[in-house]
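Commentary on secondary and tertiary structure
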Amino acid sequence: WLSDKYGRKKVLLLTGALFSISAIGCALSLSFTILVIYRLIGGLGVGIASMLSPLYISEISPPALRGRLVTLYQFAITIGILCAYFVNVWLLNTSHNPGFENLTNFHLIFKEEVWRGMLGMEAIPALSFFILILFIPKSPRWLVVNGQTDQARKVLSRLVGIKEAHSEIAEIEDTLALEKGSWKMLLAPGIKMAVFIGVTLAVLQQFTGIDAIIYYGPRIFEEAGFGLNEALGGQVVIGIINVVFTVIAIFTIDIFGRKRLLLTGTAGMLISLIVIGALFAAGKANGMLLLSLILVFIACFAFSLGPVVWVILSEIYPTKIRGRAMSIATIAVWIGTAIIGQLIPISLDNLGPDITFWIFAFFCLPTIYIGWKLLPETKGRTLEDIERHWLKY
């Protein structure tokens, strides 16, 4: 609602402020309750940014490059995760450096409360994010919806050229004439299908187990017999693979299309999850074989389900309600994340890693079905053309 009323840019600035407040507040927290409050403030920023960033990118991108540019959003996430891994390992090693014994205050922070440095480091990218958002243009589609057509034409002329800008403005205005722009539009027959696909894929993206590796990777490695330092090292390798294969998605999503990447990657995830579960069941989940299979899973996710879902969510909704529709799908993402985040340690304790990984494998099946039977290919199509596809239902 905020992004539809006040615009994408202003609300993205709000997220930068929330990130910065959260980082500084967490680093300086004097109690567990205060820490949780500042983490919740950061969570608000994450929720808003995870919806608005791909939405904004999709609205300023030329159709031929939209998949590649929205995939940069997922690429940025993988870069952030990898940087966090490196920073955490560096801070942990630094905290055990004898050189800090002579620096009482620093030693206390780094050795006894190293988590303060880990959370406080967020302030650097958070403040950078806020400053850089000041220089981006407003969404041309949002400007047209709000009667600022001349401004929208100027933005589009800078992005795609004057001739293409006039063509896009005309197409946006024609499509907007067919839209009601109310919440009821979400229940229109074709749009309802788009909302169902978006929400379901958003939940399944989490239920296929990616957060088990990202959040609980060290614990899973320790269950397989790795030491703590080895487990953290394994997480760094996972982060590198995540980045590399997201780069592959950037350069292939507008060539092979969304559906092909989604189906191929999810099938690879399914196979690797089944085999990982089998290794744990047989008591052979140790060493390089386990790490290799987890890397296969991460690679398959990184070029398929990870970026493709965000691309799809940014493409398939009508302009007037795109902010509201995508916020529903983003809520689904974070509900899935919250559920998985709470259930993984319970599942590992009570069902064991083998059953846990087989459950993740099961949720790959409906993902494959939706990608194969229900999802249209959106490669190279304008957002307005995709919208007309749903309105035909």
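Per chain, residues are indexed from 1 in the order of the written sequence. Per-residue local features of the predicted model are confined to residues with pLDDT of at least 70, and side-chain atom pairs are confined, for both listing and counting, to 80 or more; whole-chain, interface and lining totals are unaffected and use all residues. Only hydrogens and water are set aside when side-chain values are computed; all heavy atoms of the structure are taken into account.

**Focus: the overall build of the protein**
Which entries qualify depends on this criterion: Helix and strand labels come from DSSP, where a helix needs a run of H or I of at least four residues and a strand needs a run of E of at least two; each type is numbered from the N terminus. Burial classes: relative accessible area under 20% of the type maximum marks a residue as buried, over 50% as exposed, and values in between as partly exposed (1.4 Å probe, protein chains only). The contact definition used throughout considers only heavy atoms, calling two residues in contact when any of these lie within 4.5 Å. To be clear on the numbers: accessible area is Shrake-Rupley with a 1.4 Å probe, and residue cover counts the displayed protein chains and nothing else.
Scanning the protein from N- to C-terminus turns up 20 helices and 0 strands. Looking at the 393 residues of the protein, the share that counts as buried comes to 52%. Of all intrachain contacts in the protein linking residues separated by at least 6 positions in sequence, the fraction that spans at least 24 positions is 79%. When the accessible surface of the protein is totalled, it reaches about 17600 Å², and 70% of it is carbon and sulfur.

**Brief notes about the packing of aromatic side chains**
Our working definition: Think of it this way: a Phe, Tyr or Trp ring, Trp meaning its six-membered ring, pairs with another when their centres are within 6.5 Å, and the plane angle makes it stacked under 30 degrees, edge-to-face over 60, tilted otherwise. Two limits define a charge over a ring: the Lys NZ or Arg CZ must be within 6 Å of the ring centre, and within 35 degrees of the ring normal.
What the rule picks out here adds up to 7 aromatic pairs. A centroid spacing of 6.0 Å and a plane angle of 70 degrees characterise the contact between F19 and F129, whose relative ring orientation is edge-to-face. With a gap of 110 residues between them, F19 in helix α2 (residues 8-27) and F129 in helix α7 (residues 123-133) connect regions that are remote in the sequence. Judged by centre distance (5.9 Å) and plane angle (10 degrees), the ring pair of F280 and F357 falls under stacked. Of this pair, F280 sits in helix α14 (residues 258-281) while F357 sits in helix α18 (residues 352-362), and the two are 77 residues apart along the sequence. A relative accessible area of 2% places F357 in the buried class. Grouped by ring-pair contacts, the aromatic residues F207, F362 and F363 constitute a single cluster. The lysine or arginine in question, K5, covers the ring of Y6, its NZ or CZ lying 5.6 Å from the ring centre. Taking NZ or CZ as reference, K373 lies 4.6 Å from the ring centre of W372, over its face.

**As for the state of the cysteines**
In plain terms, the rule: Cysteine sulfur atoms that pair up within 2.5 Å are treated as a disulfide.
As enumerated under the stated definition, the model contains 0 disulfides in all. Among the cysteines around C364, which has no disulfide bond, C300 carries the closest sulfur, lying 9.5 Å off. For C364, a relative accessible area of 0% corresponds to the buried category.

**So, the side chain of T208**
Tracing the chain through its elements places T208 in the loop between α11 (189-207) and α12 (210-223). Given a relative accessible area of 0%, T208 falls into the buried group. Not counting the four nearest positions on each side in its chain, T208 is found in contact with M269, L273, F297, L305, F360, F363, C364 and T367.

**Re the environment of A267**
For A267, the location among the structural elements is in helix α14. Taking the relative accessible area as the measure of exposure, A267 reaches 31% and is therefore partly exposed. Spatially, the C-alpha atoms of A267 and T367 are 9.4 Å apart, while their sequence positions differ by 100 residues.

**Thoughts on the side chain of T330**
Position of T330 among the secondary structure elements: in helix α17 (residues 322-350). Note on T330: relative accessible area 4%, which makes it buried. Residues within four places of T330 in sequence aside, it is in contact with G47, S50, M51 and W310.

**Things to note about a nonpolar patch on the surface**
To be explicit about the condition: Patches draw on residues past 30% relative accessible area with no salt bridge. Two like charges within 9 Å are joined, as are two nonpolar side chains (Val, Leu, Ile, Met, Phe, Trp, Tyr) within 5 Å. Each salt bridge in this description consists of a side-chain nitrogen of Lys or Arg and a carboxyl oxygen of Asp or Glu lying within 4 Å of one another.
A contiguous nonpolar patch, built from I271, I274, V275, L351, I355, W358 and I359 and spanning about 570 Å² of accessible area, is present on the exposed surface. Within the element layout of this structure, I355 appears in helix α18.

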